[in-house]
Amino acid sequence: MAPAADKKVTGLVAATFTPFTTQGEIDTSVIGPYIDYLLEKQGIKSIFVNGTTGESMSLTVAERKVLAEEWCQKAKGRMDQVIVHVGCMSVKDSQDLARHAAQIGADGIAVIAPFFFKPRTAETLRAFMKEVASAAPNLPFYYYQIPGLTGVHVNVRDVIEGIEDLIPSFRGVKFTGSDLMDFGQCVSNCQPEWSVLYGVDEQLLAGLAMGAHGAVGSTYNYIGCHVNKLLSAFEKGDLVQARSIQFKMQELLSYAMKLGFDVGVNKQLMSELSGLSLGPPRLPLTPCPHDRIEQITQKYRTVF
Ligand SMILES: CC(=O)N[C@H](C=O)[C@@H](O)[C@H](O)[C@H](O)CO
Ligand SMILES: CC(=O)C(=O)O
């Protein structure tokens, strides 16, 4: 049975951070309060777990299962969708995680392209994804394009061409890249039940103009409440208001980027702004000095 077509992903999806103890072990006790925070303080109703922001590539498969299960359990009946990223270098590990995601009641799965041995063509990437999707044929499946980190610069338009015949559970794309022509071609060539989601928070408005159905991003964890206003302004056709919020995001992020913004810094910023103890990032990411986080937090307070 193919997945239901009524579960389109829309609006903002927060790509969650993975909470660690100060000792660097995964800390599932934070997940319940984390979900409360997203729902109550940020107006975020869907999450994308164990992705880039969640440091999935630095986690073991066993840790990813424990985390995915806790996110699904705590979000059940409260959030709209939990999408679990199951991308790995080994297709077998990805299949294992996909099967597990189905068992724990995830709403969808996503994969990035493997990036040690890289697929050279869209066709090979599709073959890899087909293997993963076939391990959980009832779960909506999303391709996650992030060439800045994977180094796999395939054209997503080529990846999705006729993919519904190859992968019946295919339901869309999470596009973290700045090639807006390729993104637009994904929107204009998508099936009605697909979701084409944009993933570069600092230029979301451009993605919306090109027809994004929603957005997945790390910053929606802590500025979701503001970005929700950007979405409503855009829907009303108030581009002046939408732009003014986008420009604030750009001011904050360009400031942070000058100070060396990575997932580790982002995670510490989230801890600071939310009051949740997310702990340090895991190597090869390294914690950044607290005064730098303070500076970015100050910037947040002056901008928003
Ligand atoms: C490379 C990366 O992690 N991209 C995220 C989503 O995919 C974004 O949400 C960024 O963290 C965000 O746009 C800030 O640059
Ligand atoms: C931002 C995003 O989608 C991720 O962390 O994977």
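Numbers given to residues run from 1 along each chain, matching the order in which its sequence is written. Labels are handed out in written order, letters beginning with A for the chains and numbers beginning with 1 for the ligands. Thresholds applied to this predicted model are a pLDDT of at least 70 for local features of residues and 80 or more for the giving and counting of side-chain atom pairs; totals over whole chains, interfaces and linings are not thresholded and use all residues. Side-chain descriptors were evaluated using all non-hydrogen atoms of the structure, hydrogens and water having been removed beforehand.

The name given to the protein chain in an unreviewed UniProt entry is N-acetylneuraminate lyase, with the source organism recorded as Austrofundulus limnaeus. Looking at the protein chain in UniProt, the text filed under Subcellular location (unreviewed entry) is "Cytoplasm". Under the UniProt heading Subunit (unreviewed entry), the note attached to the protein chain is "Homotetramer." UniProt positions are given in the numbering used here, feature names are shortened, and annotations may be inferred rather than shown by experiment.

Next up on the list: the packing of aromatic side chains. For Phe, Tyr and Trp, where Trp contributes only its six-membered ring, two rings pair if their centres lie within 6.5 Å, and the inter-plane angle classes them as stacked under 30 degrees, edge-to-face over 60, or tilted in between. With the rule as written, the count across this model stands at nine aromatic pairs. Ring centres 6.3 Å apart and planes at 40° place the aromatic pair Phe141 and Phe170 in the tilted group. Of this pair, Phe141 sits in strand S5 (residues 141-145) while Phe170 is found in strand S6 (residues 170-175), placing the two residues 29 residues apart along the sequence. Exposure is judged per residue with a 1.4 Å probe applied to protein chains only, and the accessible area is read against the type maximum: over 50% gives exposed, under 20% gives buried, and values in between give partly exposed. By relative accessible area, which is 0% here, Phe141 ends up buried. On the numbers, 4.9 Å between centres and 75° between planes, the contact of Phe170 with Trp194 is edge-to-face. With a gap of 24 residues between them, Phe170 in strand S6 and Trp194 in the loop between helix H8 (180-188) and strand S7 (195-198) connect regions that are remote in the sequence. For Phe170, a relative accessible area of 1% gives the class buried. We count a stretch as a helix when DSSP gives it H or I for four or more residues in a row; a strand needs E for two or more, and each element gets its number in order from the N terminus.

Moving on to empty space enclosed by the protein. For cavity detection a 1 Å grid was placed over the protein atoms alone, and a set of points counts as a cavity when a 1.4 Å probe fits there but cannot get out; an open set counts as a pocket when protein lies on both sides within 12 Å along at least five of seven lines, with lining residues being those that have an atom within 4 Å of a point. Grid points are joined across faces, edges and corners, and a volume is the space filled by probe spheres set on the points. Per the counting criterion, the structure on display carries two cavities of 30 Å³ or more. Estimated volume of the second largest cavity: approximately 40 Å³. As for the second largest cavity, its lining consists of Asn50, Arg64, Ala68, Val84, His85, Val86, Leu97, His100 and Ala101. Breaking the lining of the second largest cavity down by element, the ones donating at least two residues are helix H2 (61-75), strand S3 (81-85) and helix H3 (91-103). Take the lining of the second largest cavity: its biggest share by element is three residues, from H3. Counted by class, the lining of the second largest cavity contains five nonpolar, three polar and one charged residues. Under the scheme applied, nonpolar residues are Ala, Val, Leu, Ile, Met, Phe, Trp, Tyr, Cys and Pro; charged residues are Asp, Glu, Lys and Arg; polar residues are all the others, including Gly.

The next subject is the pattern of salt bridges. Here a salt bridge means any side-chain nitrogen of Lys or Arg lying within 4 Å of a carboxyl oxygen belonging to Asp or Glu. Enumeration over the complete set of coordinates arrives at eight salt bridges. Lys7 is the partner of Asp107 in a salt bridge, and the nearest nitrogen-oxygen pair spans 2.5 Å. Linking Asp107 in the loop between H3 and strand S4 (108-112) with Lys7 in the segment before strand S1 (11-15), this pair joins segments that are 100 residues apart in sequence. By relative accessible area, which is 31% here, Lys7 ends up partly exposed. Lys74 is the partner of Glu70 in a salt bridge, and the nearest nitrogen-oxygen pair spans 2.7 Å. Linking Glu70 with Lys74, this pair stays in helix H2, spanning four residues, or about one helical turn.

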